[in-house]
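Structural overview for review
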Amino acid sequence: MAAGMMLAEAAPPPPDKLAAQDGEIILQPLQHATLAMQWKEHSIYVDPVGGAALFTNLPAPTLILLTDIHGDHLQVSTLKAVVTEKTLLVAPPAVVEQLPEDLRARTTTLTNGQSATVGGLSIEAIAAYNLAEDRVKFHAKGRGNGYVVTLGGKRIYLSGDTEDVPEMRALKNIDVAFVCMNLPYTMTVEQAAEAVKAFKPRIVYPYHCRGSDLNRFKELLSGEKDIEVRLRDWYAVSRR
């Protein structure tokens, strides 16, 4: 069966809505590390991969955030399929180097710790990397970005591929967090839960979580009354 047919038959989870200034934020889980957000005229895709069919029912992107060079985050063919003349991109230098010239020309390059206003939105680049000696080979410090995006007065954190690094634990005033957890590439559910306890987002979505025990993650945070854990099926579109 063709990939496009599989996507048509299996839909991603329904979107969630978050009350914000001047209207709702729509949060749309898509697959693995890919998601979309809409607020007012802004339509943001995060690590769009999987072909154009996955995005058929979404507004065209005004902004695309890219976190790392691996194929589950960077897929030039999908980028070319979804980008319009109004789309801006944000990426770390290692990703920008792999973009074709036409996409590179519309990309803002951010290194870890830098911030910028892009398309009228505040974007902060958060370091994303491995700490464990046997995992550093997957994500070296300085290559990948997580991001904090401010939409409608809400601060939304997108972890990218990372372990529970100090830069994550030090985050403040996060309203929504998308936090990765899968071995051997990122971190355990226990690490992710401890990090979430440290920076205390109001809502947390585990994502980039293939093979992880998400119920265990939720259980570990059950004592954190101010943190809502939202479990969604990030792999619906990959199943027949």
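These notes cover the structure that comes with them. (Residues numbered from 1 in each chain as written. Predicted model: local features only at pLDDT ≥ 70, side-chain atom pairs only at ≥ 80, totals over all residues. Heavy atoms only, no water.)

**Looking at the environment of V148**
- Among the secondary structure elements, V148 is positioned in strand β10 (residues 144-151).
- Between the C-alpha atoms of V148 and T84, which are 64 residues apart in sequence, the distance is 24 Å.
- Residues contacting V148, with those up to four places away along its chain left out, are S122, I123, E124, I126, R155, I156, Y157, L171 and I174. (Helix = DSSP H or I, 4+ residues; strand = E, 2+ residues; numbered from the N terminus. Contact = heavy atoms within 4.5 Å.)

**Observations regarding the side chain of R143**
- With respect to the helices and strands, R143 occurs in the loop between β9 (121-128) and β10.
- In terms of polar contacts, R143 uses its side chain to reach the side chain of D68, at 2.8 Å.
- If we ignore the near neighbours within four places in the chain, the residues touching R143 are D68, I69, H70, P92, A94 and F138. (Polar contact = N/O pair within 3.5 Å; in protein donor to acceptor, adjacent residues only side chain to side chain.)

**Quick word on the environment of P166**
- Mapped onto the elements of the fold, P166 is located in helix α5 (residues 166-169).
- Along the backbone, P166 and V179 are 13 residues apart, and their C-alpha atoms lie at a distance of 14 Å.

**A short note on the sheet that holds strand β8 (residues 115-118)**
- On the basis of which strands lie adjacent, the open sheet formed by 7 strands has the order β8-β9-β10-β11-β12-β13-β14 and mixed pairing. At either margin of the open sheet sits one strand with a lone partner, and together these are β8 and β14 (228-229).
- As defined by bridge partners, β8 adjoins β9 across 4 bridges and the pair is classed as antiparallel. For T117, the partnering residue across the bridge sits in β9 and is S122. (Pairing = 2+ DSSP bridges.)

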